[in-house]
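Secondary and tertiary structure notes
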Amino acid sequence: MYSNILIVNTDKPVCCLNILEKENLWKVRHVNINKAKEVINSKYIDLICLELNTNKDSTWQFLIEIRNKRLKTKILSIIPNNRLLKEKVLSYGSDDYLCKPYQCGDLILRCKKLTNQIPIKYKSLYKSEFLKYNPKFNIVSYEDHYLPLTPKQITLIKILLENKYLNKKEISKYFSTKFEYLYSEEYISVLIYRTRKKIQMCTGMNLIRNNYGLGYYIL
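Residues numbered from 1 in each chain as written. Predicted model: local features only at pLDDT ≥ 70, side-chain atom pairs only at ≥ 80, totals over all residues. Heavy atoms only, no water.

The amide bond that connects Lys100 to the next residue, Pro101, takes the cis arrangement and shows omega of -5°. Turning to its location among the elements, Pro101 is positioned in the loop between strand 5 (96-100) and helix 5 (104-114). Of note, the phi angle at Asn138 is positive, near 55°, even though the residue is not glycine. With respect to the element layout, Asn138 can be found in the loop between strand 7 (131-134) and strand 8 (139-142). Residue Asn138 is classed as partly exposed on the basis of its relative accessible area, which comes to 36%. (Helix = DSSP H or I, 4+ residues; strand = E, 2+ residues; numbered from the N terminus. Buried < 20%, exposed > 50% of the residue type's maximum accessible area, 1.4 Å probe, protein only.)

Our focus in this paragraph is the packing of aromatic side chains. Aromatic ring pairs are described here by two measures, namely the spacing of the ring centres and the angle between the planes. Following the criterion strictly, the structure yields eight aromatic pairs and no others. With a centroid separation of 5.9 Å and an interplanar angle of 75°, the aromatic rings of Phe175 and Tyr183 are classed as edge-to-face. Clustering of aromatic rings is evident, with ring pairs tying together Tyr44, Tyr174, Phe175, Tyr181, Tyr183 and Tyr187. When the ring centre of Tyr126 is taken as reference, the NZ or CZ atom of Lys158 above it lies at 5.9 Å. (Phe/Tyr/Trp six-rings, centres within 6.5 Å; stacked < 30°, edge-to-face > 60°. Lys NZ or Arg CZ within 6 Å of the ring centre and 35° of its normal.)

Let us look at the environment of Tyr216. Mapped onto the secondary structure, Tyr216 falls in strand 11 (residues 215-218). Overall, Tyr216 belongs to the buried group, its relative accessible area being 13%. Those residues in contact with Tyr216 that sit more than four places away from it in its chain are Leu160, Lys164, Tyr165, Leu166, Lys168, Ile192, Arg196, Ile208, Arg209 and Asn210. (Contact = heavy atoms within 4.5 Å.)

Turning our attention to the pairing of strand 1 (residues 3-9). Extensive coverage of strand 1 is indicated by the burial of seven of its seven residues. Neither face of strand 1 is open: one carries Ser3, Ile5, Ile7 and Asn9, the other Asn4, Leu6 and Val8, and all of them are buried. Relative to strand 2 (residues 26-32), strand 1 runs parallel, the two sharing seven bridges. Within the sheet, the bridge partner assigned to Ser3 lies in strand 2 and is Trp26. Bridge count between strand 1 and strand 3 (residues 47-51): five bridges; the pairing is parallel. From the neighbouring strand, Ile7 faces strand 3, where its bridge partner is Cys49. (Pairing = 2+ DSSP bridges.)

Time to look at the environment of Leu147. Within the fold, Leu147 resides in the loop between strand 9 (145-146) and helix 6 (151-162). The class of Leu147 is buried, set by a relative accessible area of 4%. Spatially, the C-alpha atoms of Leu147 and Lys198 are 8.7 Å apart, while their sequence positions differ by 51 residues. Setting aside residues no more than four positions away along its own chain, Leu147 makes contact with Leu131, Val140, Ser141, Tyr142, Ile199, Cys202 and Thr203.

Following this line, the structure appears as structure tokens:
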């Protein structure tokens, strides 16, 4: 399954579109920053390549809005070799940056890394006190025993482990954009109930808790 890359520019036509399209590794689309918000709200985007040349308030507001959605979209900022811009794109949520002019190979490698297309050589786990999620095998375990969860239940545990708290609205938004289907808050309530019940049957503990006013979390 191809990852979705959205190229966003704020100043002038981008030069990275043809480079990424030639690799035939991703579904690549190019829009300006005003159109980008509409696209992101309608489709899950794995990686945003944000190309900018100057310090603009609209850029920082755009990055804030992306991060406030709590989506696991990665952001690569393509910028001039300017220290102020480097610091600002990182402080506003970019996962990496690439300075212009750049080598085509450097852009491709960074995109591969951010879309998980370079095999990692270290053990990667998301865990709480009792549960572990292994992204390599997409499984959740308790005391090294695999839990028989459905794919949607595994996704729920994964995002709860990645975030301190998530409310039903935020979970619904994540599922709807990730799977490109509208999941209501009522569906999320049922999903949480069934996941909690199954985990409790396997572990003897209620490990999905709700801190009212903040959201759900994993014990």
